[in-house]
Amino acid sequence: MEVGFLGLGIMGKAMATNLLRHGFRVTVWNRTLAKCQELAALGATVGETPASVVSKCRYTIAMLSDPSAALSVVFDKDGVLEQIGSGKGYVDMSTVDAATSTKISEAVKQKGGAFLEAPVSGSKKPAEDGQLVILAAGDKSFFLGEIGNGAKMKLVVNMVMGSMMNSLSEGLCLADKSGLSPQTLLDVLDLGAIANPMFKLKGPTMLQGSYSPAFPLKHQQKDMRLALALGDENAVAMPVSAAANEAFKKARSLGLGDQDFSAVYEVVKGAGGSGSGQP
Ligand SMILES: NC(=O)C1=CN([C@@H]2O[C@H](COP(=O)(O)OP(=O)(O)OC[C@H]3O[C@@H](n4cnc5c(N)ncnc54)[C@H](OP(=O)(O)O)[C@@H]3O)[C@@H](O)[C@H]2O)C=CC1
Ligand SMILES: O=CC(=O)O
């Protein structure tokens, strides 16, 4: 079966590679077309536009940075909507808000196509290993119900994750400044009730000041922003998340947006980086 894949960033590249590895024929498209070459070398066909990919494939998957990218790939000229229709499915796995997902779903369905929102929990390594947790909702889905619920669940999860990352950063600083070994803190955390894969994976690299991006900080801040907007809509007070969002915003302003989201540790340490801070 021919599967289309739109968006070959950190996640999309790993996911499309896995499809190829598992015997699917894959047609890829990326806004920066040069990024398709690596997938072409693995056997993918390159489509010139999102529309041309959809015209060729029964199912097309998208993994794009944020709501504006997800909308642009569907609604702009040469976009998904020009070719989607009966017998074709579109699966958007980007992390967006429920309104974006609903808008795309309605447009796809109006043209006779099927739509699934399917944001993922995991990161670069789980994507490479085929171990992502998929939060699916939409046509023929029995998981989260109506369109929008997948997006909302993903935002709630990432809101918790962003707050935890700030809390870990503060803990590492506090340990250090109060004469304790931050590495020992990581070891102690890993033995107790709040042990978790994220602390275990990111803690040691944070102590090395190494922030090679698995999940870019600009995307974590986008998710905090969208989760806080969901909190506004539902009158849910989220002071911890709001404070965490401020730290991610500060990190972006210091040019850390393209680093891994664990680089928020630099802000908590009071060090910071340099650069434009543009997403
Ligand atoms: N990295 C992670 O750990 C995880 C990320 N996510 C979510 O997955 C999504 C992708 O993340 P990730 O792969 O890390 O991000 P990257 O920044 O590595 O990739 C973003 C992709 O979106 C494309 N893009 C951006 N703007 C536009 C636009 N206006 N039109 C068309 N394409 C556009 C980029 O194209 P170009 O190459 O041309 O810039 C690129 O292919 C995000 O929503 C993120 O929140 C979810 C779980 C984990
Ligand atoms: O969205 C990010 C993740 O790690 O999950």
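Let us look at the structure shown here. Counting of residues starts from 1 at the beginning of each chain's written sequence and follows it residue by residue. As they are written, the chains are lettered A onward and the ligands numbered 1 onward, keeping that order. In view of the model being predicted, local features appear only for residues whose pLDDT reaches at least 70, and side-chain atom pairs are presented and counted only at 80 or more, with totals across whole chains, interfaces and linings using the full set of residues. The side-chain numbers reported here are obtained from all heavy atoms of the structure, hydrogens and water having been left aside.

## Describing a nonpolar patch on the surface
- Like-charged residues are merged into a patch within 9 Å and nonpolar side chains (Val, Leu, Ile, Met, Phe, Trp, Tyr) within 5 Å, provided each residue has over 30% relative accessible area and no salt bridge. Here the open area of atoms and residues is found with the Shrake-Rupley method and a 1.4 Å probe, where only the protein chains shown may cover a residue. Every case where a carboxyl oxygen of Asp or Glu lies within 4 Å of a side-chain nitrogen of Lys or Arg is listed as a salt bridge. A cluster of nonpolar side chains, namely M1, F24 and Y59, defines an oily patch on the protein surface of about 270 Å² accessible area.
- With respect to the helices, strands and loops of the structure, Y59 is situated in strand β4 (residues 59-62).
- Residue Y59 is classed as partly exposed on the basis of its relative accessible area, which comes to 34%. By definition, any uninterrupted DSSP run of H or I lasting at least four residues is a helix, any uninterrupted run of E lasting at least two residues is a strand, and each is numbered from the N terminus. Think of it in three bands: residues with accessible area under 20% of the maximum for their type are buried, residues over 50% are exposed, and the middle band is partly exposed, with areas taken using a 1.4 Å probe on protein chains only.

## Regarding the packing of aromatic side chains
- The rule is short: rings of Phe, Tyr and Trp, with Trp giving its six-membered ring, pair when the centres are within 6.5 Å, and they are stacked under 30 degrees, edge-to-face over 60, tilted in between. Overall, the coordinates contain 2 aromatic pairs when judged by the stated rule.
- The interplanar angle of 35° and the centroid separation of 6.2 Å between the aromatic rings of Y90 and F115 together place this pair among those described as tilted. Taken together, the positions of Y90 in strand β5 (residues 89-92) and F115 in strand β6 (residues 114-117) put the pair 25 residues apart, joining distant regions of the chain.
- A ring pair is formed by F215 and F261, whose centres lie 5.3 Å apart and whose planes are at 65°; its orientation type is edge-to-face. Separated by 46 residues along the polypeptide, F215 in the loop between α9 (197-207) and α10 (217-233) and F261 in the loop between α11 (239-253) and α12 (264-269) bring together distant segments of the chain.
- For F215, a relative accessible area of 15% translates into the label buried.
- A relative accessible area of 3% places F261 in the buried class.
- Criterion for a charge above a ring: Lys NZ or Arg CZ within 6 Å of the ring centre, and within 35 degrees of the ring normal. Taking NZ or CZ as reference, K103 lies 5.4 Å from the ring centre of F75, over its face.
- The positively charged end of K269 is found above the aromatic ring belonging to Y265, 4.6 Å away from the centroid.

The quantities given are spatial measurements derived from coordinates; they are silent on function.
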